[in-house]
Amino acid sequence: MTQSNSEIPYSMLDLAPVPEGATVAEALANVRDLAIHAEALGYKRFWLAEHHNMTGIASAATAVLIGHVAGATQEIRVGSGGIMLPNHAPLQVAEAFGTLAELYPGRIDLGLGRAPGTDGATMQALRRGMSQEDQFPADVVELIGYMAGAKPRAPIVAVPGMGTRVPVWILGSSLYGAQLAAYLGLPYAFASHFAPAALEQAADVYRRTFKPSEHLSKPHFMMAINVFAGTDDAEGAYLRSSMLQAFANLRTGKPGPLPRPVEDVGAILPRHIVAAVQEALSITAVGGPEAVRAQLAALIARHRPDEVILTSQIHDHGKRKRSFEIAAGAMGDLGKLAA
């Protein structure tokens, strides 16, 4: 079923970027400020992503940061995009998010990912004594069970957690997550902002094989879109250069703080690296307000998401806020045109 733009909510994904020249404390203060800004702009959700051993990302203790954001806002839903479940025991996640749900009822989301969100050595440090077998589906079911209603004579109870029924999302960048979300009847968020190759196929598999559940009566598909919006097309491209550099650094094994923008990325990176990075980040709206609005409209028309989640790695915090403001305006305009 084709959905009109007026029906599509827009959300925000933040990685708590640490820009070159800034401190972690400043990055965390920026997260709080950005969340307040997102709420004022009408964003439905503000999600934070779990990454480890990266000097340019400050959201490793994701549940802690979610609490920081929820305490600074009033109505916007706050959650994880996502918690990398293989790094954690399901009971611990249920207790953490159960605590958040009790503190901020009706406002907490729990997005779950299967990837470790880090390098191999750090993965081992996080998974001390854990099996390397793929236990993700069973862990998801176990976690949901801990947050369900009370079960008589249950040997293990999540307190807090039991009865909170925190909404669980499956995150993914391949068909695996799409199939699991459909089988369990859960909402599905696709990481198209950095892994667009399987976007169309994953959306199709999820929608075709979805099984209604106590959690969700029909499929709910969210796609992630990068947005780099400036006062004009040139500024948008300039702002995007920080993300292109950061992704190139990650791909070549040299992650670090979010680089300052440059006029010409091709002057500092090999051509084949630039091409690969641009392909990986192809689900992007970049430029001035009109260009961003047109590109968002085209992406939504092509992929028909039920919701979009926008993300943006921009070095200057003020310009990042302005980029999300332009994007919110574009989504609002699309809604008015479709109404």
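Just above, that's the structure.
Nothing here was measured: the structure is a model prediction, and the numbers come from that model.

A. Examining the overall build of the protein chain more closely. Along the protein chain, the regular secondary structure elements total 11 helices and 9 strands. In terms of overall size, the protein chain behaves like a compact globule, its C-alpha atoms giving a radius of gyration of 19 Å where 339 residues would be expected to give roughly 20 Å. The C-alpha extent of the protein chain, read off along each of the three principal axes, is 65 × 50 × 35 Å. A buried classification covers 52% of the 339 residues belonging to the protein chain. Within the protein chain, residue pairs in contact and separated by at least 24 positions form 73% of the contacts whose partners lie at least 6 positions apart. In the structure as shown, the protein chain presents an accessible area of about 15,000 Å², 55% of it carried by carbon and sulfur atoms. Across the protein chain, 28 positive and 31 negative side-chain charges occur, with their mean positions spaced 4 Å apart.

B. Structural detail: helix α2 (residues 62–72). Within α2, the full set of buried residues consists of T62, L65, I66, G67, V69, A70 and A72. Looking at the buried positions of α2, the neighbouring elements they touch are α1 (24–41), β2 (45–48), β3 (77–84), α3 (90–103) and β4 (108–113).

C. Summary view of the nonpolar core. Membership of the largest hydrophobic core comes to 75 residues, with the highest contact counts inside it found for Y43, F46, L110 and L296. Here this core takes 7 residues from helix α11 (residues 317–338), the largest share from any one element. Excluding anything up to four places from it in sequence, L296 contacts I225, V227, A285, L310, A327, A330, M331 and L334. In terms of nonpolar packing, the next biggest core, distinct from the first, is built from 14 residues, F247, A248, I273 and V277 among them.

D. The arrangement of a nonpolar patch on the surface in detail. Together, V157, V159 and M162 line one region of the surface with nonpolar side chains, adding up to about 250 Å² of accessible area. Its place among the elements puts M162 in the loop between α5 (136–146) and β5 (168–172). M162 gets classed as partly exposed once you look at its relative accessible area, which sits at 34%.

Basis of the calculations
Residues numbered from 1 in each chain as written. Predicted model: local features only at pLDDT ≥ 70, side-chain atom pairs only at ≥ 80, totals over all residues. Heavy atoms only, no water. Helix = DSSP H or I, 4+ residues; strand = E, 2+ residues; numbered from the N terminus. Rg over C-alpha atoms; globule rule 2.2 N^0.38 Å. Buried < 20%, exposed > 50% of the residue type's maximum accessible area, 1.4 Å probe, protein only. Contact = heavy atoms within 4.5 Å. Areas by Shrake-Rupley, 256 points an atom, 1.4 Å probe, with all protein chains shown as cover. Lys, Arg positive; Asp, Glu negative; His and termini not counted. Charge placed at Lys NZ, Arg CZ, Asp CG, Glu CD. Core = buried A, V, L, I, M, F, W, Y, C linked by side-chain atoms within 4.5 Å. Patch = residues over 30% accessible without salt bridge, like charges linked within 9 Å, V, L, I, M, F, W, Y side chains within 5 Å. Salt bridge = Lys/Arg side-chain N within 4 Å of Asp/Glu carboxyl O.

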